[in-house]
2 protein chains.
Amino acid sequence: MTVLDSLPVPIVQAPMAGGVSTPELAAAVSQAGGLGFLAAGYQSAEGLRGQIRAVRRLTDRPFGVNLFVPGEQDADAEALARYRDRLEAEAALYGAELGEPVADDDGWADKLTVVRESRVPVVSFTFGCPNAAAVADLKRHASEVVVTVTSAVEARQAADAGADALCVQGPEAGGHRGTFTNPERLDDVSLLPLLRRVSATVDVPLIAAGGLSHGREVAAVLVAGARAAQLGTVFLRCPESGANPVHKAALTDPSFPGTTVTRAFSGRPARGLINRFVLDHSAGAPAAYPHVHHLTRGLRAAAVRVGDAEAMSLWAGQGHPFAVERPAGELVETLGAQVREAIAEVARRLART
Amino acid sequence: MTVLDSLPVPIVQAPMAGGVSTPELAAAVSQAGGLGFLAAGYQSAEGLRGQIRAVRRLTDRPFGVNLFVPGEQDADAEALARYRDRLEAEAALYGAELGEPVADDDGWADKLTVVRESRVPVVSFTFGCPNAAAVADLKRHASEVVVTVTSAVEARQAADAGADALCVQGPEAGGHRGTFTNPERLDDVSLLPLLRRVSATVDVPLIAAGGLSHGREVAAVLVAGARAAQLGTVFLRCPESGANPVHKAALTDPSFPGTTVTRAFSGRPARGLINRFVLDHSAGAPAAYPHVHHLTRGLRAAAVRVGDAEAMSLWAGQGHPFAVERPAGELVETLGAQVREAIAEVARRLART
């Protein structure tokens, strides 16, 4: 994959939907030699078009756009109704309205048109794999195509569809798991053994994602066979990040007892800090995406308005204690230097034995 | 730590109790430049003494012995009785007797005496941390001391007790988790982010364990900050391994749907292949170790006698699909060569950008 191979720093900034991945963040990362990403999810096609233009005003380096692939639109209506009933008390507490738990495809066709017309250098996909025709079409429009995978089976499917590279997402990653389905039981194979399984299955460049927060760990996944590492959580506290201040502060707040994977906010498995909402509602949340996302939208917005971390979705990967408040460009440069230092140190040590 | 720093190949063979870690396996690994380990658990102090002698007859290289640290001896009698009732039908099925679910300390004092008197080069501990006096005493008897830890908090405690090195065990690892307690909810931070947390907390050499099966992954954990990698599952199919043939065959049998962590066999969390016994009994198994170990002993032995993989404890880490049937010494040499190759390849690639 040309873009990956030409990166001065082998670091991809994870697309983080919901306003976190700003054009400023993506541009700062790309400008520093990494690969910045916009997240098309949850915004309008025209909003995305504007963000792409904004990135181009800030940098002439390559960048990427991530799209959610629409999946199964059916949901268990009874389970959804039960969950809605559970959440009524929450909504009352925050003076919020619950949303309509409807399905939608996140503007799939329109957003595909935008990235195609905009000739975005790298287009990545999450929650599924576009078909071979869609992949070929993007390639004809000068985009390199990355598919997010969480298992060797998904990797096989994505490689067969013609993906230029795969983003191998381990269970350590913050935010939504990119599984092609919405499985009851997640395959919990960690990033390193998952990389091994994927490497043994397909022969395309891999981007490793999940829980990475230091250049040493970036170097580790390179050595384990990845071409680059994708980091998200570590960028959340950058000034360019659109994460809200309560979320930023929570990441390094030791009073949160770590992270867990929950469907409580969106109906799809996602990793975030354990707060009251997660503890109260994870068990009752149905596998219904994006229905539950729409259902809880007003509730989450209300929690943000009052600054209550206990009812917000505090997406975070397992590296969250190490998220730093630093300009994204500086962070990319530091990570790049750490990568080289880590490799050189082990090379020296091995040379002595 | 002197032994770790002098290893020609930065690989530790994980101690695997229950007859798997034979003197032949430990000696072959040490002879090839790694660090072989005996497992004191479940055998008599005199049996252990004989195994130590056997290793010394086979190699003059350093090796290690692992001891189980006795923990909480209380167990919920009612929960145990309920679990016993559940297992009666299993026992009848296999014509086996359930054992007495009693507590014991695995011959702690006698085994400490054996390793002290035998001046074993490296003594490692699992399920807890010996007190500072015990650690100091072993060091006076020429042993270097390693404590297995699964969190930054445990790492702090072990470093404070005077451990020369820590074995940082990630959730990917096969067999028992080395947690100091028997927690209801396991901290599931993967090996790489766990290494980062431990490195940020203590300043002692680290051995990284969990799901590693290729020299690339060994190189990865070295780059991430470990001094060596500990591998267990990958040695299970070696001819020197004492694992029974049904267990060996199951590791690479695709009909098993992966691994999970269960208390069903021993009353303590341990990772193994998902089989019928695990599916039927994990939910009902109490946190009672070693009570449940003794309870299921006859049942497991009976399943082994009839070669039924569905009721055996098929301990396996997340790298199990890659366990190979090769002499252990050859495997260590191959892994060592892969480590050097992986580092050199990334160093070359970074030099080009």
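Calculation notes
- Residues numbered from 1 in each chain as written.
- Chains lettered and ligands numbered in written order.
- Predicted model: local features only at pLDDT ≥ 70, side-chain atom pairs only at ≥ 80, totals over all residues.
- Heavy atoms only, no water.
- Buried < 20%, exposed > 50% of the residue type's maximum accessible area, 1.4 Å probe, protein only.
- Helix = DSSP H or I, 4+ residues; strand = E, 2+ residues; numbered from the N terminus.
- Pairing = 2+ DSSP bridges.
- Right-handed = clockwise from strand over helix to strand, strands pointing away.
- Polar contact = N/O pair within 3.5 Å; in protein donor to acceptor, adjacent residues only side chain to side chain.
- Contact = heavy atoms within 4.5 Å.
- Buried area = accessible area lost by both parts, 1.4 Å probe.
- Salt bridge = Lys/Arg side-chain N within 4 Å of Asp/Glu carboxyl O.
- Nonpolar A, V, L, I, M, F, W, Y, C, P; charged D, E, K, R; others polar.
- pLDDT = per-residue confidence, 0-100.
- Axes fitted to C-alpha atoms, helices over the stretch in contact; angles between N-to-C directions.
- Least-squares fit on C-alpha atoms with pLDDT ≥ 70 in both.
- Disulfide = S-S within 2.5 Å.
- Parallel < 35°, antiparallel > 145°, perpendicular 65-115°, else oblique.
- Left-handed = near helix turned anticlockwise from the far one by under 90°.
- Phe/Tyr/Trp six-rings, centres within 6.5 Å; stacked < 30°, edge-to-face > 60°.

*Asks:* Hey, could you run me through the pairing of strand β8 (residues 206-209) of chain A in this one?
*Replies:* Regular strands have side chains that alternate between both faces of the sheet. Residues and elements named next belong to chain A. Burial along β8 is two-sided: Leu206 and Ala208 facing one way and Ile207 and Ala209 facing the other are all buried. Bridge count between strand β6 (residues 165-169) and β8: four bridges; the pairing is parallel. Across the sheet, residue glutamine 169 finds its bridge partner in β8, namely alanine 209. Between the parallel elements β8 and strand β9 (residues 228-231), the chain passes through helix α9 (residues 215-223) in a crossover that is right-handed.

*Asks:* Which parts of the structure should I look at to understand the side chain of B:Thr22?
*Replies:* All names here are of chain B. With respect to the secondary-structure elements, threonine 22 resides in the loop between β1 (11-13) and α2 (23-31). Only 2.6 Å separates the side chain of threonine 22 from the backbone oxygen of glutamate 240, close enough to count as a polar contact. Apart from the residues lying within four places of it in its own chain, the contact partners of threonine 22 are Leu38, Glu240, Ser241 and Gly242.

*Asks:* Can you help me understand the interface of chain A and chain B in this one?
*Replies:* Put simply, an interface is often sized by how much accessible area is lost when its parts join up. Contacts between the two partners involve 46 residues from chain A, matched on the other side by 46 residues from chain B. When chain A packs against chain B, the two sides together hide about 3700 Å² of surface, and 58% of this comes from carbon and sulfur. Residue A:Asp188 is joined to B:Arg271 by a salt bridge in which the shortest nitrogen-to-oxygen separation is 4.0 Å. Of all elements in the fold, only α8 (191-199), α9, β10 (259-262) and α13 (328-352) of chain A reach the threshold of two or more residues within the side of chain A that touches chain B. Per-element tally for the side of chain A that touches chain B: the top contributor is α13(A), with eight residues. Residues belonging to the side of chain A that touches chain B are distributed by class as follows: 23 nonpolar, eleven polar and twelve charged.

*Asks:* In this structure, what is going on with the confidence of the model for chain A? I would like to understand it.
*Replies:* Predicted confidence across chain A gives a mean pLDDT of 96, with 100% of residues reaching 70 or more. As a predicted assembly, this complex carries a pTM of 0.97 together with an ipTM value of 0.97.

*Asks:* Got a minute to help me understand the sheet that holds β6(A) in this structure?
*Replies:* Sheets are built from strands paired through backbone hydrogen bonds, the pairs being either parallel or antiparallel. Residue and element names in this part refer to chain A. Taken in spatial order, the eight strands make up an open sheet running β1-β9-β8-β6-β5-β4-β3-β2, and their pairing is parallel. Each edge of the open sheet is held by one strand with a lone partner, namely β1 (11-13) and β2 (36-39). Pairs of neighbouring strands in the sheet enclose a mean axial angle of 25°, with direction left out of account. In this sheet, β6 lies alongside strand β5 (residues 144-149) in parallel orientation, the contact comprising four bridges. From the neighbouring strand, valine 149 faces β6, where its bridge partner is valine 168. Sitting on the sheet, helix α3 (residues 45-58) touches β2 and β3 (63-68), and the angle it makes with β3 is about 165°.

*Asks:* Explain the relation of the copies chain A and chain B here, please?
*Replies:* Each of the two chain copies can be generated from the other by rotation about an axis followed by a shift along it. Rotating chain A by 180° about the axis while translating it 0.0 Å along that axis superimposes it on chain B, leaving an RMSD of 0.0 Å. Here the symmetry operator amounts to a two-fold rotation axis. Relative to the rotation axis, the closest C-alpha in chain A is found at A:Ala220, a distance of 2.0 Å. Take the interface residues of chain A: 100% of them recur as interface residues in chain B, which is what a same-surface contact looks like.

*Asks:* Please clarify how the state of the cysteines should be interpreted in this entry.
*Replies:* Cysteine pairs can be covalently joined through their sulfur atoms, and such a bond is termed a disulfide. Going through the model one piece at a time under the given rule, you end up with zero disulfides over all chains. Distance from the sulfur of B:Cys167, which forms no disulfide, to the nearest cysteine sulfur (B:Cys129) is 13 Å.

*Asks:* Before we go on, may I ask you to explain the packing of helix α4 (residues 77-94) of chain B against helix α12 (residues 291-305) of chain B in this structure?
*Replies:* Angle between the axes and distance between the axes: these two values describe a pair of packed helices. Residues and elements named next belong to chain B. Between α4 and α12, the shortest axis-to-axis distance is 10 Å and the interhelical angle comes to 10°. With respect to α12, the axis of α4 lies roughly parallel. Within the contact between the two elements, α4 uses Leu80, Tyr83, Arg84, Leu87, Glu90, Ala91 and Tyr94 and α12 uses His291, Val292, Leu295, Thr296, Leu299, Ala302 and Ala303. Within the contact of α4 with α12, the residues separate by chemical class into ten nonpolar, two polar and two charged.

*Asks:* How should I be thinking about the environment of A:His247 in this particular structure?
*Replies:* All names here are of chain A. Its place among the elements puts histidine 247 in helix α10 (residues 245-251). If sequence neighbours within four positions are ignored, histidine 247 has contacts with Leu236, Met312, Ser313, Leu314 and Trp315. A distance of 2.7 Å separates a polar atom in the side chain of histidine 247 from the backbone oxygen of tryptophan 315.

*Asks:* Where do I start with the pairing of β9(A) in this structure?
*Replies:* All names here are of chain A. Residue alternation in β9 divides its side chains into two sets, Ala228 and Gln230 and Ala229 and Leu231, and both sets are buried. In terms of strand pairing, β1 meets β9 through three bridges, oriented parallel. Pairing of isoleucine 11 across the sheet is with alanine 229, part of β9. Relative to β9, β8 runs parallel, the two sharing three bridges. Considered in β9, the bridge of alanine 208 is made with alanine 229.

*Asks:* Is there a simple way to explain the side chain of A:His176 in this structure?
*Replies:* All names here are of chain A. Within the secondary structure, histidine 176 sits in strand β7 (residues 175-176). For histidine 176, a relative accessible area of 15% gives the class buried. Separated by 2.6 Å, the side chains of histidine 176 and serine 266 make a polar contact. What histidine 176 contacts, discounting residues up to four positions off in sequence, is Tyr42, Phe127, Gln169, Ser266, Arg268, Pro269, Ala270, Tyr289 and Trp315.

*Asks:* Help me understand the pattern of salt bridges, please; the structure alone is not making it clear to me.
*Replies:* All names here are of chain B. Counted under the stated rule, the structure contains 35 salt bridges over all chains. One salt bridge in this structure joins aspartate 106 and lysine 111, with 3.0 Å as the shortest N-O distance. Across this residue pair, the class does not change: aspartate 106 and lysine 111 are buried. Of the charged contacts in the structure, one is a salt bridge between arginine 276 and aspartate 280, with a shortest N-O distance of 3.1 Å. With a gap of four residues between them, arginine 276 and aspartate 280 both fall in helix α11 (residues 276-281), about one helical turn apart.

*Asks:* Help me out: how do you make sense of the sheet that holds β10(A) in this one?
*Replies:* All names here are of chain A. Ordered in space as β7-β11-β10, the three strands form an open sheet in which the pairing is antiparallel. Edge positions in the sheet fall to β7 and β10, since each of these pairs with one other strand and no more. Looking at chain direction, β7 and strand β11 (residues 270-273) are connected through two bridges and run antiparallel. The partner of histidine 176 across the bridge, within β11, is alanine 270.

*Asks:* Explain helix α2 (residues 23-31) of chain A here, please?
*Replies:* Because an α-helix packs 3.6 residues into every turn, residues spaced three or four apart end up facing the same way. Residue and element names in this part refer to chain A. Across the nine residues of α2, seven count as buried, placing the element largely inside the fold. Every buried residue belonging to α2 is among Pro23, Leu25, Ala26, Ala27, Ala28, Val29 and Ser30, and all of these are buried. Looking one or two residues beyond α2, the residue adopting positive phi is glycine 33, at roughly 105°.

*Asks:* Looking at this structure, I do not really get the packing of α13(A) against helix α13 (residues 328-352) of chain B. What am I missing?
*Replies:* Across the interface, α13(A) lies against α13(B) with an axial gap of 10 Å and an inter-helix angle of 140°. Between α13(A) and α13(B), the angle falls in the class oblique. Between α13(A) and α13(B) lies a crossing of left-handed hand. Mapping the contact onto sequence places A:Val339, A:Arg340, A:Ile343, A:Val346, A:Ala347 and A:Leu350 in α13(A) and B:Val339, B:Arg340, B:Ile343, B:Val346, B:Ala347 and B:Leu350 in α13(B).

*Asks:* Hey, could you run me through the packing of aromatic side chains in this one?
*Replies:* Aromatic ring pairs are reported here in terms of the distance separating the ring centres and the angle at which the planes meet. Counted under the stated rule, the structure contains twelve aromatic pairs over all chains. With centroids separated by 5.2 Å and ring planes inclined at 65°, the aromatic side chains of A:Phe127 and A:Tyr289 adopt a geometry described as edge-to-face. Note that A:Phe127 is positioned in the loop between β4 (122-126) and α6 (132-140) and A:Tyr289 in the loop between α11 (276-281) and α12 (291-305), a separation of 162 residues in sequence. Comparing A:Phe127 with A:Tyr289, the two get one shared label, buried. Ring plane angle 90° and centroid distance 5.6 Å describe the contact between B:Phe265 and B:Trp315, whose orientation is recorded as edge-to-face.

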